[in-house]
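Examining the three-dimensional arrangement
Each chain is listed here by its residues.
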Amino acid sequence: MIKKSIYLSVAVCALSCFFMITALLYGGKSVVKNQFIQPGFENDYETGNPSDKLTPEEKKNWLELSSAGMSYKTHILDNIYLDNSDYGKVYFTNEDTNKNVLLKIRVLNGYNEVVAETGLIKPGEYIEKVKFRENTDAGSYKIKIMSYEPTRYYSMGAVIIDAKLNHM
């Protein structure tokens, strides 16, 4: 009887060691939280300055953003009109005088949900229109302008402005 319990104990220990080694070798993947995902570049951009394209009404609402705390200068419309295909003109620029910054925008509703977003643009580029989520209501929104360092994509901060969204 004692021999049986010794054999059983050895078998249980061996089986336990086998499962522990298997778990260590083939166990679950480690999860990296808050892993940075590099933003993609905008495909639908133009080069130059869009000021010649703006209507007189758009020129009134085309904000220039720059300050001592910002390492860049940009322009954007704060009064956006959506067309029937859910595109809104923003005329968002990364001025050619900006040398070391990549920019992108997110348009946020009152619940901080993203209703429109661009890819990154380089200095000297601009985005005329951005695609909005289908059935986006007219009203007040926030535009978050995000800046990145171009070689390692470190965040250089963000600026949030108020904007109004209208339907044509």
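Predicted model only: the values in this text are computed from it and were never measured. (Residues numbered from 1 in each chain as written. Predicted model: local features only at pLDDT ≥ 70, side-chain atom pairs only at ≥ 80, totals over all residues. Heavy atoms only, no water.)

**Some points on the pattern of salt bridges**
Stated precisely, the cut-off is as follows: What makes a salt bridge here is a side-chain nitrogen of Lys or Arg within 4 Å of a carboxyl oxygen of Asp or Glu, nothing more. Secondary structure elements are defined from DSSP: runs of H or I of at least 4 residues count as helices, runs of E of at least 2 residues count as strands, and each element is numbered from the N terminus. Throughout, exposure labels follow a simple rule: accessible area from a 1.4 Å probe, protein chains only, divided by the maximum for the residue type, with under 20% read as buried, over 50% as exposed, and the rest as partly exposed.
Enumeration according to the criterion identifies seven salt bridges in this entry. Of the charged contacts in the structure, one is a salt bridge between Glu128 and Lys53, with a shortest N-O distance of 3.6 Å. Residue Glu128 is found in strand β8 (residues 125-131), and its partner Lys53 is found in the loop between β1 (46-47) and α2 (56-60); the two are separated by 75 residues along the sequence. Lys53 gets classed as partly exposed once you look at its relative accessible area, which sits at 39%. Across the pair Lys104 and Glu117 runs a salt bridge whose closest N-O atoms are separated by 2.6 Å. Here Lys104, found in strand β6 (residues 102-108), pairs with Glu117, found in strand β7 (residues 114-117); they are 13 residues apart in sequence, far enough to count as distant. When its relative accessible area of 6% is taken as the criterion, Lys104 is described as buried. Sharing partners across several salt bridges, the network here consists of Glu46, Lys53 and Glu128.

**What about unusual backbone geometry?**
Within the chain, Asp86 stands out as a residue other than glycine whose phi angle is a positive 70°. Classification of Asp86 by relative accessible area gives buried; the value is 15%. Even without glycine at this site, Asn112 takes up a positive phi of about 60°. By relative accessible area, which is 57% here, Asn112 ends up exposed.

**Digging into the side chain of Thr136**
We count it as follows: Identification of polar contacts relies on pairs of N or O atoms within 3.5 Å, with a donor-acceptor requirement for protein atoms, meaning one able to donate a hydrogen and the other able to accept it, and with residues adjacent in sequence counted only if both atoms are side-chain atoms. Note on contacts: a residue pair qualifies if any of its non-hydrogen atoms lie within 4.5 Å across the two residues.
When you line up the elements, Thr136 lands in the loop between β8 and β9 (139-148). On the basis of relative accessibility, which here comes to 7%, the residue Thr136 falls in the buried class. Polar side-chain contacts of Thr136 include one of 2.4 Å to the backbone oxygen of Arg133. Filtering out sequence-adjacent residues up to four positions away, Thr136 remains in contact with Leu82, Val115, Tyr141, Leu165 and His167.

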